[in-house]
Amino acid sequence: MKCTVCNNKAVYDVKYNGSSLCSEHFRDFVERRVKREIREQISLKRDRVTISVAISGGKDSSVLLYLLHKILSDRRNLELKAFTIDEGIRGYRNTGLEAARTLCRELGVEHSTMSFKDNFGFELDEIVRIDGDAIPCSHCGPMRRQLMNRISEVNDADYVALGMNLDDYSQSIMMNVAKGDVQRMARLAPHRGIQEGLVPRVLPLRKIPEKEVMLYGILSGIKFDSSWCPYYEKAQRNRFRDIVANLEDDSPGTRHAIVNFYDSIRDSLQKNFPPADMNRCENCGAPTAGRLCAVCSGLEALKNKIKAK
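No experiment lies behind these values; they were computed from the predicted model shown. (Residues numbered from 1 in each chain as written. Predicted model: local features only at pLDDT ≥ 70, side-chain atom pairs only at ≥ 80, totals over all residues. Heavy atoms only, no water.)

A. Examining the layout of surface pockets more closely. Taken as a whole, the second largest pocket encloses approximately 200 Å³ of empty space. The wall of the second largest pocket is formed by 14 residues, among which E40, Q41, P190, H191 and R192 lie closest to the centre. Looking at the lining of the second largest pocket, the elements that each hand over two or more residues are α1 (23-41) and α11 (254-272). Examining the composition of the lining of the second largest pocket, we find that 3 residues originate from one element, α1, more than from any other. Residues that form the lining of the second largest pocket fall into these classes: 4 nonpolar, 2 polar and 8 charged. (1 Å grid on protein atoms, 1.4 Å probe; cavity = no way out; pocket = protein on both sides within 12 Å on 5 of 7 lines; lining within 4 Å. Points joined across faces, edges and corners; volume = space filled by probe spheres on them. Helix = DSSP H or I, 4+ residues; strand = E, 2+ residues; numbered from the N terminus. Nonpolar A, V, L, I, M, F, W, Y, C, P; charged D, E, K, R; others polar.)

Below you can see the structure in the form of structure tokens.
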């Protein structure tokens, strides 16, 4: 198999556009699309821009930080600050955290950590033991999002960048369609506007397939943690991961079509379903549309379970 650009040996067959690419042109193919997303999602003409980068140590977030550094590090008005959320998952988070710290040292990017235990009083492993009937993601998701926003505020960040790839993003769209959750779909990142108390999230990898993120990381010599979260199998997303993967296998380009469809209706969705007015949580002060934020509501329920035992 030869590269369709230079006729050298190809390392990747791009089924959704019919091309084959060598290592050099494959990396260029990825970088050009990420640069386009950066231009569309991030306003780089300000006097000062700070991007807070969520890095778990896995392939997606590691490639994200590497690419943001490669593409943007020459800009004097821009600063990258990386962080890791330590959920408290024994035998999993420690390896990812070490990979994240190593990459940040190699790139010269400031890195910090926030933990569930320090901020909420529980590690995720403890929460799972207490509330064994619940899907772990139902607790982990709101807690992670709150800490991502909190640490990005501490970093005085204009944006928080997440390593969501094309597979993840198309699955998220399909999940909201299946649930009929139009309001949540209207709020999907990348965020264009600014809500008080919330740092806008950006997704520079949202049009890069998961396999391409992985291959880019390998070809670029990026060391990342390849372990899986032990609670992965209980996630609702798995059903949609299989659905989207099967659709893509049958008709290459389906993932891109799903995202392009969403992009074409996003303005209408946001016009008809504007963000809710935000209050401050009565317990912790986090932004919320209700009296209590999702995290504090979940913690109250958790403490009630402990009392009942």
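B. Structural context of the packing of aromatic side chains. For the coordinates displayed, the defined rule picks out 5 aromatic pairs. For the pair F116 and F120, a centre-to-centre distance of 5.8 Å together with 65° between the ring planes defines the contact as edge-to-face. Of this pair, F116 and F120 both sit in helix α4 (residues 116-120), separated by 4 residues, roughly a single helical turn. With respect to burial, F116 and F120 carry one shared label: buried. Ring geometry for Y169 versus Y262: centroids 6.3 Å apart, planes at 80°, classification edge-to-face. (Phe/Tyr/Trp six-rings, centres within 6.5 Å; stacked < 30°, edge-to-face > 60°. Buried < 20%, exposed > 50% of the residue type's maximum accessible area, 1.4 Å probe, protein only.)

C. Inspection of the sheet that holds strand β4 (residues 78-86) at higher detail. Pairing is parallel across the open sheet formed by 5 strands, whose spatial order is β5-β4-β3-β6-β7. In the strand order of this sheet, the two ends are held by β5 (110-115) and β7 (201-202), each with one partner. Sheet analysis places strand β3 (residues 49-54) next to strand β6 (residues 159-161), joined by 3 bridges and oriented parallel. If you follow I51 over to β6, its bridge partner there is Y159. Of the strands in this sheet, β3, β4, β5 and β6 touch helix α6 (residues 136-154), which is tilted by about 145° from β4. (Pairing = 2+ DSSP bridges. Contact = heavy atoms within 4.5 Å. Axes fitted to C-alpha atoms, helices over the stretch in contact; angles between N-to-C directions.)

D. Quick peek at the pairing of β3. Buried residues dominate β3, accounting for 6 of its 6 residues. Neither face of β3 is left uncovered, since the one carrying V49, I51 and V53 and the one carrying T50, S52 and A54 both have all their residues buried. A crossover links β3 with its parallel partner β4, the connecting element being helix α2 (residues 59-72), and its sense is right-handed. (Right-handed = clockwise from strand over helix to strand, strands pointing away.)

E. Up close: the nonpolar core. Grouped together as the largest cluster of nonpolar side chains are 42 residues, with contacts concentrated most on F116, L124 and I173. Sorting the residues of this core by element identifies β4, α4, α5 (124-130), α6, α7 (166-179), α8 (182-186), α11 and α12 (294-308) as the ones contributing at least two each. Considering every element that reaches this core, the biggest residue donor is α6, with 5 residues. With residues near it in sequence (within four places) discarded, L124 still touches E87, G88, I89, F116, P136, C140 and Y231. Membership of the second largest hydrophobic core comes to 40 residues, among which are V30, L64, L65 and Y216. (Core = buried A, V, L, I, M, F, W, Y, C linked by side-chain atoms within 4.5 Å.)

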